[in-house]
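Reading the structure
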Amino acid sequence: MEKDNLKLAYSAAVNRRQLFLIRCLGGSAGKKNFNFQSIRMQSVMSSGPSLEADAVSILRSIIPGLESTKHKGQAGKIAVVGGCREYTGAPYFSAISALKIGADLSHVFCTKDAAPVIKSYSPELIVHPILEESYSIRDEEKSSIAAKVIAEVEKWMERFDCLVVGPGLGRDPFLLDCVSNIMKHARECNVPMVIDGDGLFLVTNSLDLVSGYPLAVLTPNVNEYKRLVQKVLNSEVNDQNGTDQLLSLAKGIGGVTVLRKGKSDFISDGKTACAVSIYGSPRRCGGQGDILSGSVAVFLSWARQCAAKGERSMNPTILGCVAGSALLRRAASLAFESKKRSTLTGDIIEYLGRSIQEICPV
Ligand SMILES: NC(=O)C1=CN([C@@H]2O[C@H](COP(=O)(O)OP(=O)(O)OC[C@H]3O[C@@H](n4cnc5c(N)ncnc54)[C@H](O)[C@@H]3O)[C@@H](O)[C@H]2O)[C@@H](O)CC1
Ligand SMILES: Nc1ncnc2c1ncn2[C@@H]1O[C@H](COP(=O)(O)OP(=O)(O)OP(=O)(O)O)[C@@H](O)[C@H]1O
Ligand SMILES: [Mg+2]
């Protein structure tokens, strides 16, 4: 009896899978004819058609081709500022996701303690052990160390297409001072920044770091969003009027782009708002936001390249957010299909490649 039930469940799963493949392939695997209709339907159904971005078209339009004329670096050079004694997973997830999506180089600027650990996760990452936390230095050393940190980052800054600031950064006051200097320098160099995790803790307390900088993207989770709304709008989160509040928040920080993470991801630059509701995963394991920050950094860089060629008129930071969110959610859904309750962030990262391949086959 149990065997029969198992057989039935198995054949139902196979049927569902076949139906899904037929719907997705739509008779052709070619880039132009690829049919992602099943996913688009789900997305429209879950948050209403008016706000939902056409994420698949956006992804297709900004993912660059793989051409033999290109040299290393042209598909993106990303740097993650994060990683401390407590957190080594978050910067790794963010930086490795950038590579898995298609960036050529991914750097991590972290504390001296975190560096050997992050290096041991992957030889693909370029890891700079430059940051220090208060516990490891004497007060009289602070100013010389702060000067060294910024000098080290300055050497690299102009090479980066985007910085991700905050995954696993921690909240040590001295370290955050040094990171503030890095952000000021990035801003002077017009380098886009995705601010996440403890980077949002820093920015919420020092809004000037990003205020009025249109190349800044903030990616708050539920707690981080609440703190931002309280600080900037002096009110509580109001989900009845969620879109207006998000617009006001982005506007209140001088036109930065805010990607509010949740059941649907909502994105606004203070002028327009859109949503990504593509079906993701019901697992809420830590680290999915880190994948998102690395993804947004890459797509934002690609969208800016398209904009520079005059190929796209919409705000490239918004396009980058939509693309990053859609890809993460698709990968999470594929990972969950396979791993169910045991789905972890590492599993989702393994599906980034397949998710991008479905949209832009090579
Ligand atoms: N494997 C890893 O290394 C991971 C590390 N992560 C990192 O963990 C850090 C925290 O992210 P969460 O999403 O948990 O942050 P949240 O702000 O959502 O939650 C953290 C919780 O701890 C409290 N908290 C922690 N430190 C505090 C402090 N110094 N003062 C006041 N309250 C404090 C917060 O109020 C909140 O309740 C970030 O740097 C994030 O990037 C996460 O990305 C998950 C994965
Ligand atoms: N309730 C939900 N249903 C579906 N997807 C969700 C839900 N909540 C979050 N997500 C997705 O997970 C991604 C990460 O959001 P989450 O709120 O977990 O971030 P986070 O707390 O910063 O993660 P991290 O653990 O990496 O710090 C979002 O981009 C969103 O697409
Ligand atoms: Mg987070």
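As recorded in an unreviewed UniProt entry, the chain goes by the name ATP-dependent (S)-NAD(P)H-hydrate dehydratase isoform X1, listed as coming from Nicotiana tabacum.

Focus: the packing of helix α7 (residues 173–188) against helix α8 (residues 198–205)
Between two packed helices, the angle of one axis relative to the other and the distance separating the axes together describe the packing. Taken N-terminus to C-terminus, the directions of α7 and α8 make an angle of 80°; their axes are 11 Å apart at the nearest point. If you check the angle between α7 and α8, you find them roughly perpendicular. Residues Leu176, Val179, Ser180 and Met183 of α7 pack against Phe201, Leu202 and Val203 of α8.

Things to note about the sheet that holds strand β9 (residues 273–276)
In a beta sheet, neighbouring strands pair by backbone hydrogen bonds and run either parallel or antiparallel. The mixed open sheet is built from nine strands, whose spatial order is β3-β2-β1-β4-β5-β6-β7-β8-β9. Each end of this open sheet is capped by a strand with a single partner; those strands are β3 (126–131) and β9. When strand polarity is set aside, the average angle formed by the axes of neighbouring strands in this sheet is 20°. Packing of helix α5 (residues 114–121) onto the sheet brings it into contact with β2 (105–111) and β3, and relative to β2 it is tilted by some 150°.

Description of the site of ligand 1
Lining the immediate surroundings of ligand 1 are 16 residues, of which Arg171, Asp198, Asn223, Arg227 and Asp290 lie closest. At 2.9 Å, a backbone N or O of Gly168 approaches an oxygen atom of ligand 1. When isolated, ligand 1 has an accessible area of 840 Å², and the protein chains bury 56% of it. Secondary-structure elements contributing two or more residues to the shell around ligand 1 are α4 (89–101) and α9 (222–233). A total of three residues in the shell around ligand 1 trace back to one element, the largest contributor, which is α4.

Here we look at the site of ligand 2
The immediate surroundings of ligand 2 are formed by 14 residues, with Lys261, Asp265, Gly287, Gly289 and Arg329 found nearest. Gly262 is positioned with one of its backbone polar atoms (N or O) 3.3 Å from a nitrogen atom of ligand 2. The separation between an oxygen atom of ligand 2 and a polar main-chain atom of Gly287 is 2.7 Å. Protein contact buries 78% of the 620 Å² of open area that ligand 2 shows by itself. In a pocket analysis with a 2 Å cut-off to the grid points, ligand 2 is assigned to the largest pocket. Secondary structure elements with two or more residues in the shell around ligand 2: α11 (288–308) and α12 (316–339). Take the shell around ligand 2: its biggest share by element is four residues, from α11. Residues belonging to the shell around ligand 2 are distributed by class as follows: two nonpolar, six polar and six charged.

Remarks on the side chain of Ser97
Along the chain, Ser97 turns up in helix α4. In this structure Ser97 comes out as buried when scored by relative accessible area, which is 0%. For Ser97, the residues in contact, after removing those within four places along its chain, are Ile291, Ile349 and Leu352.

Basis of the calculations
- Residues numbered from 1 in each chain as written.
- Chains lettered and ligands numbered in written order.
- Predicted model: local features only at pLDDT ≥ 70, side-chain atom pairs only at ≥ 80, totals over all residues.
- Heavy atoms only, no water.
- Axes fitted to C-alpha atoms, helices over the stretch in contact; angles between N-to-C directions.
- Helix = DSSP H or I, 4+ residues; strand = E, 2+ residues; numbered from the N terminus.
- Parallel < 35°, antiparallel > 145°, perpendicular 65-115°, else oblique.
- Contact = heavy atoms within 4.5 Å.
- Pairing = 2+ DSSP bridges.
- Near = heavy atom within 4 Å.
- Polar contact = N/O pair within 3.5 Å; in protein donor to acceptor, adjacent residues only side chain to side chain.
- Areas by Shrake-Rupley, 256 points an atom, 1.4 Å probe, with all protein chains shown as cover.
- 1 Å grid on protein atoms, 1.4 Å probe; cavity = no way out; pocket = protein on both sides within 12 Å on 5 of 7 lines; lining within 4 Å.
- Sits in = over half its atoms within 2 Å of the grid points.
- Nonpolar A, V, L, I, M, F, W, Y, C, P; charged D, E, K, R; others polar.
- Buried < 20%, exposed > 50% of the residue type's maximum accessible area, 1.4 Å probe, protein only.

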